[in-house]
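Structural overview for review
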Amino acid sequence: MDLRNLELFLHLADSLHFGKSADAMAVSPSTLSRAIQRLEQETGCVLFERDNRSVRLTSAGEKLREFGGGLLQEWRQLKQELKRSDEPLQGRLRVFCSVTASYFLLPEVLERFRRRYPQLEIKLETGDPALAVDRILADEADLAIAARPDALSAKLEFASLQQVPLVFIAPRNPPQPNQWFLQGEPDWERLPLILSEQGLARKRCDQWFRNKGIAPNIYAEVAGNEGIVAMVALGFGVGLVPAAVIDHSPMGEKVRIVEPRPALKPFDVGIAVLKKRLEEPLIRAFWDTARGQGSLR
């Protein structure tokens, strides 16, 4: 059995989407299809049921995923054990985080990590923080800086780095102050809201309004907190972001915090990784380096 084909199969077994797996594993869709066909020929079983709209694992596919995941993990461990103990770690780690996290959380970790393991390569990808956990679950990143979900997947391990308040922000000079604020308080049912289109912040915001019995006036849904700060600073409405985003935004001075009553639950920001990969030497090295920070619990 070709281990590369097995890697492709395992990713597809998790994503159940040929296009996403092909992109994540840097192969063409036709290469991915041929790899699955070869595995089906070797096992003598159909591994996926496919139609025009969906991909599903067969019972044989489920068994191969369970067997193959363990086999691949054992192979990775064996390769590391066969290396000379004094040989420095080498390889590449894929780290995903938001732009803001790359400013205020990663620098110290990366500096320490680089000093300890100078031959390791870091591939840093920034994007919408709402996607961080999904990137790990889909094996599209090795580690991610993420806000801990309210319900953490049993597949994940999480190490806290910092508590970050979740706050509403308004422009310092709103275009219609008398309409947006009543005696200094937001007129929540009338003011335009700029919110994340998905993710933990959006879930907590929606719940907050439900608890108050308010149907919010949503002006815009944005991917990425930096875009929310920019739109609020330009006077388009009131937004909801982690407080750290304001501190590190070039437009942070053009917004002010609006204290919500009651306050929203803060983000528990930290490092997320798949439990099954935590013993891989490269990932363990990064994990242990991060956990060595005094700010970690």
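Attention in this report is confined to the structure presented alongside it. (Residues numbered from 1 in each chain as written. Predicted model: local features only at pLDDT ≥ 70, side-chain atom pairs only at ≥ 80, totals over all residues. Heavy atoms only, no water.)

Describing the overall build of the protein
Short version of the rule: Starting at the N terminus, helices and strands are each numbered in turn, a helix being any DSSP run of H or I of at least four residues and a strand any DSSP run of E of at least two. Relative accessibility under 20% of the residue-type maximum defines a buried residue, over 50% an exposed one, and the middle range a partly exposed one, all with a 1.4 Å probe and only protein chains included. Whether two residues are in contact is decided by their heavy atoms: any pair within 4.5 Å suffices.
For the protein, the helix and strand inventory stands at 12 helices and 14 strands. Each principal axis of the C-alpha distribution contributes one length, and for the protein these read about 70 × 50 × 30 Å. The 297 residues of the protein split such that 45% are buried. Sequence separation of at least 24 residues holds for 73% of the intrachain contacts in the protein that already meet a minimum separation of 6.

As for the packing of aromatic side chains
Heads up, the condition is: We call Phe, Tyr and Trp rings a pair once their centres come within 6.5 Å, taking the six-membered ring for Trp, and we label the pair stacked below 30 degrees between planes, edge-to-face above 60, and tilted otherwise.
For the coordinates displayed, the defined rule picks out 10 aromatic pairs. Seen in terms of ring centroids, phenylalanine 168 and tryptophan 208 are 5.2 Å apart; in terms of plane orientation they differ by 50 degrees. Their pairing is tilted. In this pair, phenylalanine 168 sits in strand 7 (residues 166–171) while tryptophan 208 sits in helix 9 (residues 200–212), placing the two residues 40 residues apart along the sequence. Here phenylalanine 168 and tryptophan 208 have matching classes, each one buried. For the ring pair tryptophan 188 and tryptophan 208, a centre distance of 5.2 Å and an interplane angle of 75 degrees mean the geometry is edge-to-face. Within this pair, whereas tryptophan 188 is found in the loop between strand 9 (185–186) and strand 10 (192–196), its partner tryptophan 208 is found in helix 9, the two being separated by 20 residues in sequence. According to the relative accessible area criterion, tryptophan 188 is buried, its value standing at 9%.

Observations concerning the nonpolar core
Here is the rule: Definition used in this section: a nonpolar core is a set of buried Ala, Val, Leu, Ile, Met, Phe, Trp, Tyr and Cys residues joined via side-chain atoms within 4.5 Å.
The biggest cluster of nonpolar side chains holds 45 residues, and the ones touching the most others in it are Ile145, Phe168 and Phe286. Of all the elements, helix 12 (residues 281–291) adds the most residues to this core, at six residues. Setting aside its immediate chain neighbours within four residues, phenylalanine 286 contacts Leu93, Val95, Leu106, Val109, Leu110, Phe113, Ile122, Leu143 and Ile271. By size, the runner-up hydrophobic cluster in this structure holds 20 residues, among which are Leu6, Phe9, Ala22 and Leu39.

What to know about the pattern of salt bridges
Short version of the rule: By definition here, a salt bridge exists when the distance from a side-chain nitrogen of Lys or Arg to a carboxyl oxygen of Asp or Glu is within 4 Å.
Taken as a whole, this structure holds 20 salt bridges when the rule is applied. Taking the shortest distance from any N to any O, the salt bridge between arginine 94 and aspartate 142 comes out at 2.9 Å. Here aspartate 142 lies in the loop between helix 7 (132–137) and strand 5 (143–147) and arginine 94 lies in strand 3 (residues 91–97), a separation of 48 residues in the sequence. Neither residue differs from the other here; arginine 94 and aspartate 142 are each classed as buried. Where arginine 115 meets glutamate 111, a salt bridge forms, and the shortest distance between an N and an O atom there is 3.4 Å. Linking arginine 115 with glutamate 111, this pair stays in helix 6 (residues 106–116), spanning four residues, or about one helical turn. Taken together, the salt bridges that share partners define one network made up of Arg94, Asp139, Asp142, Arg277 and Glu280.

Points about helix 1 (residues 3–15)
Condition: The length a helix should cover is 1.5 Å for every residue beyond the first. By the criterion applied in these results, polar contacts are pairs of N or O atoms within 3.5 Å in which, for protein atoms, one can donate a hydrogen and the other can accept it, and in which residues neighboring in sequence qualify only through two side-chain atoms.
For helix 1, which comprises 13 residues, the first-to-last C-alpha distance of 18 Å matches the rise-based estimate of 18 Å (1.5 Å per residue) to within 8%. Residues of helix 1 that are buried: Asn5, Leu6, Leu8, Phe9, Leu10, His11, Leu12 and Ala13. If you check the start of helix 1, you find a side-chain oxygen 2.7 Å away from the backbone N of arginine 4, and it comes from aspartate 2.

Description of the side chain of aspartate 142
Since its relative accessible area comes to 6%, aspartate 142 is described here as buried. Polar contacts involving the side chain of aspartate 142 include one to the main-chain amide nitrogen of arginine 94, which spans 2.7 Å. A polar contact is formed between the side chain of aspartate 142 and the side chain of arginine 277, at a distance of 2.7 Å. Leaving out residues up to four positions away in the same chain, aspartate 142 has contacts with Arg92, Leu93, Arg94, Ile136, Ala272, Val273, Arg277 and Ile283.

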